[in-house]
Amino acid sequence: MSSNVWPPPPPKNESEDEKAARLAAEKEAKRISDEIDRALEHERQELRKHRPQTKILLLGQAESGKSTMIKNFQLYFCPSSFQAETVAWRAVIHLNLARFVNYLLYVLSNTNAGSGGKKGDPNKDYRMFQMRLSPLKADEGPGLRFETVPEVSVRGGTGWKAFIRGRRRGSQSRMMTNPEEVNDARRILDACKEDIVALWKSPAILALEKEGVDLHHHARYFVEHAARVADMKYTPTPDDILRARLRTVGVEEHRMVMETAAEKGEEWVLYDVGGQRSQRASWASYFEDVNAMIFLCPMSGFNQRLAEDRSVNRLYDSMELWDTVCRSRLLSKATFILLLNKADLLHAKLKAGIRFSDYVKNYDEDQPNTVDAVSAYLRKEMMEIHRVYSPRKRQLHVHITCAIDPTLMAAVLNSMRDVILVEMLHQTTLL
């Protein structure tokens, strides 16, 4: 019989006293073994609890792409948790779609496009769309303005994803009042999907673009795919989720347990802070003790104005903000990563004939009006700001990005991950 069997079989002709002594010894041995197991598990938990976290701060003005970058991190490094949040993002996508449709109807009612050329005398088709799509009015949110599509917003820390999935009651998110309303909204969109498709293909929408109304909003993608997105059986794809827009009010903390081989099981904490001017005063409290700072500059904003102050050019504001961040002594030890983002929108604008030199006077009008030339100019300007105003000499890592392109972002994310990990090893004197 094998000697490795535990507990060993009782000896032959064992007396009652010997049996009692043997059982007592086995019980004591098991107690000691269990105590050792508990101590080892406690030690593992303590090591995990005190393992240095990787803390990353994302900065940039509103609509620079910070929230989309968070989704890219999750998609690439934590795919299972990204997949688990699909249902929550479906509700956001449906709100994006409904509000953009309402914006289209509002603009049509205030231009010649919806009136057959006679202002105040809407044509038959337009009146039909207003009537048939009226159930979507319940989701239009704050008052509409001609210049902007109303954003879907959520206050940081409200746990809105768990709330939408029906796992958390009493959330303070103002986006929905309860999960049942989410299902009602899905049924309404499903009933309206054919009319949404017809509206988008109608001559009135073509007339809007001919009149110069800018319809290149992020939600355009969803109305172009309304037959799929508004269907009751719709499940968002990763591309859909990356394009969903949700404005963060306050600070949203994202804790990600990494699933990729190099850092599997490690926790990375990403802080997404609101980029509106009114929220920037609170940024400094998050500057200390971060391993890396990722700054997003939307290159396509060169011909746009800030929503908070229509007198300020978005690109100029972003460069001034970068200047301020570079000067910060609280971030002097952090790894700096600059993402010149929204290369796709920049390309679309330049291809449409909008000249970068008309809005950025330091850019010579004789220089090419191309993405490569413009991004090279911005890269040089931003690197010079960093060189001149940083409190200490450090390397700056710059990438040209399109946050809704997963293939491009995979290479960028790998590069950023390697830079951050190497810097952390330097800080722990392992290199």
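As shown above, the structure is provided for reference.
Residues numbered from 1 in each chain as written. Predicted model: local features only at pLDDT ≥ 70, side-chain atom pairs only at ≥ 80, totals over all residues. Heavy atoms only, no water.

Enquirer: Pulling in residues and values, what's your account of a negative patch on the surface?
Expert: Together, Asp 358, Asp 364, Glu 365 and Asp 366 give the surface a local cluster of negative charge. With respect to the helices and strands, Asp 366 occurs in the loop between helix H13 (343–351) and helix H14 (371–389). (Patch = residues over 30% accessible without salt bridge, like charges linked within 9 Å, V, L, I, M, F, W, Y side chains within 5 Å. Areas by Shrake-Rupley, 256 points an atom, 1.4 Å probe, with all protein chains shown as cover. Salt bridge = Lys/Arg side-chain N within 4 Å of Asp/Glu carboxyl O. Lys, Arg positive; Asp, Glu negative; His and termini not counted. Charge placed at Lys NZ, Arg CZ, Asp CG, Glu CD. Helix = DSSP H or I, 4+ residues; strand = E, 2+ residues; numbered from the N terminus.)

Enquirer: Help me get a handle on the sheet that holds strand E1 (residues 54–59), residues and values and all.
Expert: Strand pairs in the sheet, formed through backbone hydrogen bonds, run parallel or antiparallel to each other. Taking strand neighbours across the sheet as the criterion, the six strands line up as E4-E5-E1-E6-E7-E8 in an open arrangement whose pairing is mixed. What marks the edges here is a single partner per strand, and that holds for strand E4 (251–257) and strand E8 (396–400). Here the average twist between neighbouring strands, direction ignored, is 20°. In terms of strand pairing, strand E6 (residues 292–298) meets strand E7 (residues 335–341) through seven bridges, oriented parallel. The residue bridging Leu 296 from the neighbouring strand is Leu 339, located in E7. (Pairing = 2+ DSSP bridges. Axes fitted to C-alpha atoms, helices over the stretch in contact; angles between N-to-C directions.)

Enquirer: I'd like to hear about helix H12 (residues 314–327), residue by residue, with values.
Expert: Side chains of residues three or four places apart in an α-helix project in the same direction, reflecting 3.6 residues per turn. Helix length check: H12, at 14 residues, gives a terminal C-alpha distance of 20 Å against a target of 20 Å (1.5 Å per residue), a fit within 8%. Burial runs high along H12: 10 of the 14 residues are buried. Looking only at H12, the buried set comprises Arg 314, Leu 315, Asp 317, Ser 318, Met 319, Leu 321, Trp 322, Asp 323, Val 325 and Cys 326. Elements in contact with the buried residues of H12: E1, E6, E7, H14 and E8. The opening residue of H12 is Asn 313, an N-cap whose side-chain oxygen sits 2.8 Å from the backbone nitrogen of Leu 315. (Expected span 1.5 Å × (residues − 1). Buried < 20%, exposed > 50% of the residue type's maximum accessible area, 1.4 Å probe, protein only. Contact = heavy atoms within 4.5 Å. Polar contact = N/O pair within 3.5 Å; in protein donor to acceptor, adjacent residues only side chain to side chain.)

Enquirer: Hey, could you go over a nonpolar patch on the surface for me, with residue numbers and the actual values?
Expert: A contiguous nonpolar patch, built from Ile 32, Ile 36 and Leu 40 and spanning about 250 Å² of accessible area, is present on the exposed surface. In this structure, Leu 40 sits in helix H1 (residues 16–50).

Enquirer: Residue-level account of the pattern of salt bridges, with values.
Expert: Should their charged atoms come close, side chains of opposite charge can pair. Tallied over the entire structure, the rule returns 16 salt bridges. In this structure, Arg 132 and Asp 195 form a salt bridge, with 2.8 Å as the shortest nitrogen-oxygen distance. You can see Arg 132 sitting in helix H5 (residues 124–132) and its partner Asp 195 sitting in helix H7 (residues 179–201), a full 63 residues away along the chain. In this structure, Arg 255 and Glu 267 form a salt bridge, with 3.1 Å as the shortest nitrogen-oxygen distance. Of this pair, Arg 255 sits in strand E4 while Glu 267 is found in strand E5 (residues 267–273), placing the two residues 12 residues apart along the sequence. Note on Glu 267: relative accessible area 26%, which makes it partly exposed. Sharing partners across several salt bridges, the network here consists of Glu 14, Arg 22 and Glu 26.

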